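Each chain, written out:
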Amino acid sequence: MVRASVAALAVVLLLSLYLASRPLPAPAAPERGVRLENVRLTLYPEQDPRSRWEFAARRVEQDPGTREARVTGLESGRRFVEERLDLRLYAPEVTIDRSDNLHLPYARVEILRGCYTVQLGSPGEPPVVIDQREGFRAPSVHITAPSLEVRGKDFRSDFGIENPSWRDPVERFISGGEQPPCPIEGGSS
């Protein structure tokens, strides 16, 4: 009887050692992240705590592997700074990366202060980046305002178009006479 108990104990110990030394299988990562439809999304960028972005879209998909959110069917995009509407964003889609920066195939932005309409990039060009710390980066730009029109390449600027830079500029300034009114709703020159 003692011999059978010792043998059974030895088998249990050997089986326990074998099972304890085996690596644990990693849990399967979900193949799909979260998918939401007819969404209102508010983004509070850590890089720019004074601002917030509000989006309305047909779909938002969150990818857990890259921690990016892809916003498609964008119905409206707006940036507020300290509760005041700063700009409107129009784009076919927006990808929000893990640093809260926006990546767009191309976009049109209406900047209320200064009455700027800014076309960032175009179909077929590299993507546009809206960096929460620095502002806009685009392969090409077309800026219009009541008194100017500018086109250029390799565009970089802050959100207020106060310190822009670009390559190969083509500029046209409208001077003399009365300045036309701002065509942007809520905008001011």
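Residues numbered from 1 in each chain as written. Predicted model: local features only at pLDDT ≥ 70, side-chain atom pairs only at ≥ 80, totals over all residues. Heavy atoms only, no water.

## What to know about the overall build of the chain
At step 1: Looking only at helices and strands, the chain has 1 helix and 12 strands in total.
At step 2: Counting helices and strands in the order they occur from the N terminus, the chain gives α-β-β-β-β-β-β-β-β-β-β-β-β.
At step 3: Long-range pairs, those at least 24 residues apart, make up 41% of the contacts in the chain between residues at least 6 apart in sequence.
At step 4: Surface accessibility of the chain: about 12,200 Å² in total, with carbon and sulfur atoms responsible for 52%. (Helix = DSSP H or I, 4+ residues; strand = E, 2+ residues; numbered from the N terminus. Contact = heavy atoms within 4.5 Å. Areas by Shrake-Rupley, 256 points an atom, 1.4 Å probe, with all protein chains shown as cover.)

## Remarks on the pattern of salt bridges
At step 1: This model, assessed by the stated rule, comprises 17 salt bridges.
At step 2: Its salt-bridge partner being Arg 137, residue Glu 134 comes within 3.7 Å of it at the nearest N-O pair.
At step 3: Asp 154 is the salt-bridge partner of Arg 167, the closest N and O atoms lying 2.7 Å from each other. Of this pair, Arg 167 sits in strand β12 (residues 165-173) while Asp 154 sits in strand β11 (residues 148-157), and the two are 13 residues apart along the sequence.
At step 4: You can call Arg 167 partly exposed: its relative accessible area is 41%.
At step 5: Residue Asp 154 is classed as partly exposed on the basis of its relative accessible area, which comes to 44%. (Salt bridge = Lys/Arg side-chain N within 4 Å of Asp/Glu carboxyl O. Buried < 20%, exposed > 50% of the residue type's maximum accessible area, 1.4 Å probe, protein only.)

## Remarks on the layout of surface pockets
At step 1: As a volume, the largest pocket reaches approximately 360 Å³.
At step 2: Every residue lining the largest pocket is counted, 18 residues in all, and those nearest its centre are Arg 50, Val 81, Arg 84, Asp 86 and Arg 113.
At step 3: Mapped by element, the contributors of at least two residues to the lining of the largest pocket are β3 (68-81) and β4 (84-90).
At step 4: With 3 residues, the top contributor of residues to the lining of the largest pocket is β4.
At step 5: Split into classes, the residues belonging to the lining of the largest pocket amount to 5 nonpolar, 3 polar and 10 charged. (1 Å grid on protein atoms, 1.4 Å probe; cavity = no way out; pocket = protein on both sides within 12 Å on 5 of 7 lines; lining within 4 Å. Points joined across faces, edges and corners; volume = space filled by probe spheres on them. Nonpolar A, V, L, I, M, F, W, Y, C, P; charged D, E, K, R; others polar.)

## Remarks on the packing of aromatic side chains
One pair of aromatic rings is described through two measures. These are the centre distance and the angle between the planes.
At step 1: Inspection of the entire model under this criterion finds 3 aromatic pairs.
At step 2: Arranged with centres 6.0 Å apart and planes meeting at 5°, the rings of Trp 53 and Phe 55 form a pair that is stacked. Taken as a pair, Trp 53 and Phe 55 share a single burial class, namely buried.
At step 3: Measuring from ring centre to ring centre gives 6.0 Å for Phe 155 and Trp 166, while their planes differ by 25°; the resulting arrangement is stacked. Here the residue Phe 155 occupies a position in strand β11, and Trp 166 occupies one in strand β12, the gap between them amounting to 11 residues.
At step 4: Residue classification places Trp 166 among the partly exposed residues on the basis of a relative accessible area of 23%.
At step 5: Taking the ring centre of Phe 80 as reference, the NZ or CZ of Arg 52 above it sits at 4.3 Å. (Phe/Tyr/Trp six-rings, centres within 6.5 Å; stacked < 30°, edge-to-face > 60°. Lys NZ or Arg CZ within 6 Å of the ring centre and 35° of its normal.)

## Considering the state of the cysteines
At step 1: Going through the model one piece at a time under the given rule, you end up with 1 disulfide.
At step 2: Residue Cys 115 pairs covalently with Cys 182 via a disulfide, S to S 2.0 Å. Around the S-S axis, the bridge from Cys 115 to Cys 182 shows a dihedral of about 100° and counts as right-handed. One end of the pair, Cys 115, is in the loop between β7 (107-111) and β8 (116-120); the other, Cys 182, is in the segment after β12, with 67 residues separating them in the sequence.
At step 3: Judged by its relative accessible area of 22%, Cys 182 is partly exposed. (Disulfide = S-S within 2.5 Å.)

## Regarding the nonpolar core
At step 1: Counting residues in hydrophobic clusters, the biggest one holds 34 residues, and the most contacted among them are Leu 89, Leu 102 and Phe 136.
At step 2: Looking at this core, the element that brings in the most residues is strand β10 (residues 135-145), giving 5 residues.
At step 3: Other than its neighbours up to four places away in sequence, Leu 89 contacts Trp 53, Phe 55, Leu 74, Ser 76, Gly 77, Val 94, Leu 102, Leu 104, Ala 107, Arg 108, Val 109 and Ile 130. (Core = buried A, V, L, I, M, F, W, Y, C linked by side-chain atoms within 4.5 Å.)

## As for the confidence of the model for the chain
At step 1: Chain-level pLDDT for the chain is 88 on average; 84% of the residues reach the 70-or-more range.
At step 2: Averaged pLDDT values over the elements of the chain bottom out at 64 in helix α1 (residues 2-21) and peak at 98 in strand β9 (residues 128-131). (pLDDT = per-residue confidence, 0-100.)

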